[in-house]
Every structure is written in C-alpha cells, then in structure tokens.
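Chain by chain, the residues:
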Amino acid sequence: MIQPFDDNYFMKKALQEAELAFEKGEIPVGAVIVIGDKVIARGHNLTETLNDVTAHAEMQAITSAANFLGGKYLLNCTLYVTLEPCQMCAGALYWSQISKIVYGARDEERGCINLKTKLHPKTKMKGGVMAEGASQLLKRFFIERRNLN
C-alpha cells in the first residue's frame, strides 16, 4: 500500500499534469512542486500553446511556486517531474536553489545528467520514480504524432 505522501504519490500528480499536456498536443511532461506534504505549484509543457520554447513543465512550475511563496528561492521544496530536466530547466532549478528534484524517466539525449549540468550544491536528485509510466506516455505521444504525419 502506498503511503499518502511518498514519492509515488506526488509523481502521480506530475503524471496527471503530463496527461493534460498530452491532451493539448504538447509533449507530455508534467511537474509539481511540494513543500512538506502540500502541492504548491503545478505545470506541464506549454511550448506549442504559448509558442514559447521556454514553456517547459518545470519552468511553469518554478514560476508558479515562486509566486505562491512570494520569492524566487524554492528552499525546502521538492520538484516532481516526469522526465529528467533538460539543461535549461536544470539551470533555472540551480538558480531557484530548490532542495530536491525527483524525476521519472531519464532523457538520455537532452537530460541534465548526461550533459553534466550543475545543480545547486545543496540540491539532491533522485531518478526513476514511476519511470515506466512516464516513459510509456512519452512513447505513446510520439507514436501517435508519427502516425498523424
């Protein structure tokens, strides 16, 4: 039985955001930012909707969390995101000084780990949480996209 507020609980919330992106024709990546056991921000990819290459799920969630907190630093916050952050998002997370990043699926080509993007020295990172579900959603999206073209 899943405990009410474990990594899987919050990653399910991020996956719900990814599903919203999928329904909008966006690459299905979702994110939530949490303090303690409370979700304070949500986001999903909106790059097509906003015609903005920076409108990644993490960027949407960072902005929302900063607005909620009334400041730019996300101390004592955890980001749950369905896909390993890219270099751009990792840079924004560095500057936000977020305490922890939990991601689902790895991004072998564009992810911050393979590109050796530095995170804030105090930021902890954990991967592979519900990775299969996140990966399957991405695969389904790209299969459907290829079949439409």
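Being a predicted model, the structure only gives us computed values, none of them experimental.

What counts, and at which threshold
- Residue positions are counted from 1 within each chain, in the order its sequence is given.
- Only residues with pLDDT of at least 70 get local features here, since the model is predicted, and only at 80 or more are side-chain atom pairs given and counted; chain-wide, interface and lining totals rely on the full set of residues.
- As a rule here, side-chain values come from all non-hydrogen atoms in the structure, and water together with hydrogens is ignored.
- UniProt positions are given in the numbering used here, feature names are shortened, and annotations may be inferred rather than shown by experiment.
- Runs of E in the DSSP output that reach at least two residues are strands. Runs of H or I that reach at least four are helices, and both are numbered from the N terminus.
- Remark: exposure states derive from per-residue accessible area (1.4 Å probe, protein chains only) relative to the maximum for the residue type, with buried under 20%, exposed over 50%, and partly exposed in between.
- By the convention used here, residues are in contact when the closest approach between their heavy atoms is within 4.5 Å.
- Residue count minus one, scaled by 1.5 Å, sets the expected span of a helix.
- Of all possible arcs, the one meant is that of the directions from the helix axis to the C-beta atoms.
- Counting of polar contacts relies on pairs of N or O atoms within 3.5 Å, with two restrictions inside protein: one atom must be capable of donating a hydrogen and the other of accepting it, and residues adjacent in sequence are counted only when both atoms are side-chain atoms.
- The rule is short: rings of Phe, Tyr and Trp, with Trp giving its six-membered ring, pair when the centres are within 6.5 Å, and they are stacked under 30 degrees, edge-to-face over 60, tilted in between.
- Each salt bridge in this description consists of a side-chain nitrogen of Lys or Arg and a carboxyl oxygen of Asp or Glu lying within 4 Å of one another.

What to know about the UniProt feature "active site" (unreviewed entry) in the protein
Part 1: This chain's UniProt record puts "active site" (unreviewed entry) on Glu 58.
Part 2: Mapped onto the secondary structure, Glu 58 falls in helix H3 (residues 57-69).
Part 3: The buried category is assigned to Glu 58, whose relative accessible area is 3%.
Part 4: Glu 58 has contacts with Ala 31, Leu 79, Val 81, Leu 83, Pro 85, Cys 86 and Cys 89, leaving out every residue within four places of it along the chain.

Brief notes about helix H1 (residues 7-23)
Part 1: The first and last C-alpha atoms of H1 sit 24 Å apart over 17 residues, in line with the 24 Å expected at 1.5 Å per residue.
Part 2: Of the positions making up H1, those classed as buried are Asp 7, Phe 10, Met 11, Ala 14, Leu 15, Glu 17, Ala 18, Ala 21 and Phe 22. One side of H1 carries all its buried residues, which in axial view fall inside an arc of 155°.
Part 3: Where H1 begins, one side-chain oxygen reaches toward the backbone nitrogen of Asn 8, 3.3 Å away; that side chain belongs to Asp 6.
Part 4: Directly after H1, the chain includes Gly 25, whose backbone phi takes a positive value near 80°.

Quick word on the packing of aromatic side chains
Part 1: Tallied over the full model, the rule gives 7 aromatic pairs.
Part 2: Arranged with centres 5.1 Å apart and planes meeting at 85°, the rings of Phe 141 and Phe 142 form a pair that is edge-to-face.
Part 3: Three or more aromatic residues joined by ring pairs form one cluster here, namely Phe 5, Tyr 9, Phe 10 and Tyr 80.

With respect to the pattern of salt bridges
Part 1: On inspection of all chains with the given rule, the structure shows 6 salt bridges.
Part 2: A salt bridge links Arg 106 to Glu 84; its shortest N-O distance comes to 2.7 Å. With Arg 106 in the loop between strand S4 (100-105) and strand S5 (124-126) and Glu 84 in the loop between strand S3 (77-83) and helix H4 (87-96), this residue pair connects regions lying 22 residues apart in the sequence.
Part 3: Residue Arg 110 is joined to Glu 109 by a salt bridge in which the shortest nitrogen-to-oxygen separation is 3.7 Å.
Part 4: Taken together, the salt bridges that share partners define one network made up of Glu 19, Arg 140 and Glu 144.

Remarks on unusual backbone geometry
Part 1: Even without being glycine, Asn 51 reaches a positive phi, approximately 50°.
Part 2: Structurally, the position occupied by Asn 51 is in the loop between helix H2 (47-50) and H3.
Part 3: On the basis of relative accessibility, which here comes to 72%, the residue Asn 51 falls in the exposed class.

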